[in-house]
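Residue-level listing of the chains:
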Amino acid sequence: MRVSWFRWIFRSHRRTAVCLASLATCSCLIYFWPDLCLSVANLKLAQRNHDAAAVWLDRSQWFRRDMDARTCLMRVRIARRRGDFAEVENKLQQAIKLRASRSEVQRENWIAMAQSQQFEGMQSHWTELLQDARDDEPEIARSYYAWAMLHHHLDLARKTLESWIQDFPHDAEPHFLLGRFHQAGPNWEEAEKAYRQSVVLAPDRDDARLALAMALQARLKTDEAIPLFREYLKKHSEDLTAIQGLSQCLTSIGDVDSAMQLLRRASEQNPDDVTIQKAYGELLLSSGSPTDAASVLEKAYWASPENANLANVLARAWKACGRKSDAEPLLQFVAESRPELDQLLVLEKELRASPNNLQLRMRVGEITAKYVSRQDGIRWYQQVVKISPGYLPAHKALAELYQLVGDAKLAEYHSKLAQRGFP
């Protein structure tokens, strides 16, 4: 009886000890759980696995409702990398209320502004960001590249991409952007190399595969380009850039019927797209159907009468139809445009040497709007406004162009800015 009682006491104490140990373990786990989750979330952020980082942030709040400053700043980083800048602004305000580090809040705000190309508010902080890039280097490098291109600092833009590639050799994005950089040159050989590497690193990236197809087409590597265009169009059947690229490749190998079929369908589906209408009209004209070509080209021309190359094709079509008197004014316009368009090349070289010369940019915008595309002219003037928000001639030019393209609201907005000036 006595032995049995001692056994009961021993077992009872052992059960109590086990329960206390389990309770202590659970208490420790609950106590340290947020820090553990935040550490894993931070690791996932460094690995650029943003979805997993968000999951671990959610787990960190299982045993607490209130968010602390550290968690809030990590949510800022995730939202910023995802491009959700409304959420970034919201969470930054929360971080300030939670007494987050002022320097960290400022850093996140500067990077967000850089990513959203609000350069005028943060460009004095590039040095700080570049020297303390951490695992945000891809976002900072991409933004710095965009800033350099905007200001026509081409050498700086190229070096930024090369540094990004060196630090992140398995990232496809800097190779893709380097391809875009060389394409703008144009240096199609280097563009092809960069796009190929981008596709190797990200074989499922469709925009890189399309860019590679275009580079191959430009280098007359038609046999390689055609399958890439066809594969891309299986997933993006209405992409006009791919349609036009494939049609040009098919025409170059003598398959005009297939090219014509592609462009006819695209033309019917996109009656307001000047580029595709011009391509279809040119193919009709070269195939011996000037009347059909003129019909297609006329509609495109009235939608974009400033396009000198389109006017030239339409004039040729009218002449082939016997409408020489109609063609004459267009040919005069084309002749007038030639020296101006040739000057664009000279101006672009000068702009590389003087990237902050606003008068040069205005002149490029003027020629572009008058002889190439009003929308492209608008983009040039918008760049001027980004560099110098208070530059009144740019606002005046934008007001006039927006009026021409039928955007009365933006025309009025820029007209008011041009008239009243900036404080």
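Above this text is the structure in question.
Criteria and thresholds
Residues numbered from 1 in each chain as written. Predicted model: local features only at pLDDT ≥ 70, side-chain atom pairs only at ≥ 80, totals over all residues. Heavy atoms only, no water. Helix = DSSP H or I, 4+ residues; strand = E, 2+ residues; numbered from the N terminus. Rg over C-alpha atoms; globule rule 2.2 N^0.38 Å. Buried < 20%, exposed > 50% of the residue type's maximum accessible area, 1.4 Å probe, protein only. Contact = heavy atoms within 4.5 Å. Areas by Shrake-Rupley, 256 points an atom, 1.4 Å probe, with all protein chains shown as cover. Lys, Arg positive; Asp, Glu negative; His and termini not counted. Charge placed at Lys NZ, Arg CZ, Asp CG, Glu CD. Salt bridge = Lys/Arg side-chain N within 4 Å of Asp/Glu carboxyl O. Expected span 1.5 Å × (residues − 1). Core = buried A, V, L, I, M, F, W, Y, C linked by side-chain atoms within 4.5 Å. Phe/Tyr/Trp six-rings, centres within 6.5 Å; stacked < 30°, edge-to-face > 60°. Axes fitted to C-alpha atoms, helices over the stretch in contact; angles between N-to-C directions. Parallel < 35°, antiparallel > 145°, perpendicular 65-115°, else oblique. Left-handed = near helix turned anticlockwise from the far one by under 90°.

A. Structural context of the overall build of the chain. A count of helical and extended segments in the chain gives 22 helices and 0 strands. The C-alpha radius of gyration of the chain comes to 30 Å, more than 25% above the 22 Å expected for a compact globule of 423 residues. Each principal axis of the C-alpha distribution contributes one length, and for the chain these read about 125 × 60 × 40 Å. Evaluated residue by residue, the chain yields a buried proportion of 44% over its 423 residues. By sequence separation, contacts in the chain at least 24 residues apart represent 48% of the contacts at least 6 residues apart. If you sum the accessible surface of the chain, you get close to 23500 Å²; carbon and sulfur atoms cover 52% of it. One finds the centroid of the 56 positive side-chain charges in the chain at a distance of 9 Å from the centroid of its 54 negative side-chain charges.

B. Examining the pattern of salt bridges more closely. Following the criterion strictly, the structure yields 34 salt bridges and no others. With its nearest N and O atoms 2.8 Å apart, the salt bridge here joins Glu224 to Arg196. Taken together, the residues span a long stretch of sequence, with Glu224 in helix 12 (residues 222-235) and Arg196 in helix 10 (residues 188-201) at a distance of 28 residues. For Glu224, a relative accessible area of 36% puts it in the partly exposed group. What makes Arg196 partly exposed here is its relative accessible area of 32%. Note that Glu231 is salt-bridged to Arg209, the shortest N-O span being 2.8 Å. Residue Glu231 is found in helix 12, and its partner Arg209 is found in helix 11 (residues 206-218); the two are separated by 22 residues along the sequence. Each of Arg48, Arg77, Arg80, Arg81, Glu104, Arg107, Glu108, Asp132, Arg134, Asp135, Asp136 and Glu139 takes part in one network of salt bridges that share partners.

C. Representation of helix 10. With 14 residues, helix 10 extends 20 Å from end C-alpha to end C-alpha; this agrees with the ideal 20 Å at 1.5 Å per step. Here helix 10 has its buried residues at Ala191, Glu192, Ala194, Tyr195, Ser198 and Val199. In this structure, the buried side of helix 10 is in contact with helix 9 (172-184) and helix 11.

D. Broad picture of unusual backbone geometry. In this chain, Gly185 is followed by Pro186 through a cis amide linkage whose omega measures -5°. Of note, Pro186 is situated in the loop between helix 9 and helix 10. Here the phi dihedral of Gln117 falls at roughly 60°; this positive angle occurs in a residue that is not glycine. Here Gln117 lies in the loop between helix 5 (102-115) and helix 6 (126-131). Here His152, not a glycine, exhibits a phi torsion of approximately 65°, which is positive. Within the secondary structure layout, His152 lies in the loop between helix 7 (137-150) and helix 8 (154-167). His152 sits in the buried class, given a relative accessible area of 14%.

E. Quick look at the nonpolar core. Membership of the largest hydrophobic core comes to 87 residues, with the highest contact counts inside it found for Met122, Trp126, Phe229 and Ile243. Contacts of Phe229, omitting those with residues within four sequence positions, involve Leu210, Ala213, Met214, Gln217, Ala242, Gly245, Leu246 and Cys249. Among the nonpolar cores identified, the runner-up in size contains 14 residues, and Leu358, Met362, Tyr391 and Tyr402 belong to it.

F. Focus on the packing of aromatic side chains. Going through the model one piece at a time under the given rule, you end up with 7 aromatic pairs. Measuring from ring centre to ring centre gives 5.9 Å for Phe176 and Tyr195, while their planes differ by 50°; the resulting arrangement is tilted. Here the residue Phe176 occupies a position in helix 9, and Tyr195 occupies one in helix 10, the gap between them amounting to 19 residues. For Tyr195, a relative accessible area of 0% translates into the label buried.

G. Examining the packing of helix 5 against helix 7 more closely. Between helix 5 and helix 7, whose axes approach to 8 Å, the crossing angle comes to 45°. With respect to their mutual orientation, helix 5 and helix 7 come out oblique. Between helix 5 and helix 7 lies a crossing of left-handed hand. On the side of helix 5, the interface is formed by Arg107, Ile111, Ala114 and Gln115, while helix 7 contributes Glu139, Ile140 and Ser143.

H. Up close: helix 3 (residues 69-82). With 14 residues, helix 3 should reach 20 Å at 1.5 Å per residue; the first-to-last C-alpha distance of 20 Å fits that figure. Across the 14 residues that make up helix 3, a large majority, 12, are buried. Along helix 3, the residues that are buried comprise Ala69, Thr71, Cys72, Leu73, Met74, Arg75, Val76, Arg77, Ile78, Ala79, Arg80 and Arg81. Positioned one or two residues after helix 3, Gly83 has a phi angle of 80°, which is positive.

I. Layout of the packing of helix 10 against helix 11. At a minimum axis separation of 9 Å, helix 10 and helix 11 run at an interaxial angle of 150°. Comparing their axes, helix 11 and helix 10 come out roughly antiparallel. In the packing of helix 10 onto helix 11, the handedness of the crossing is left-handed. Together, Trp188, Glu192, Tyr195, Arg196, Ser198 and Val199 of helix 10 and Ala208, Arg209, Ala211, Leu212, Met214, Ala215, Leu216 and Ala218 of helix 11 make up the contact between the two elements.

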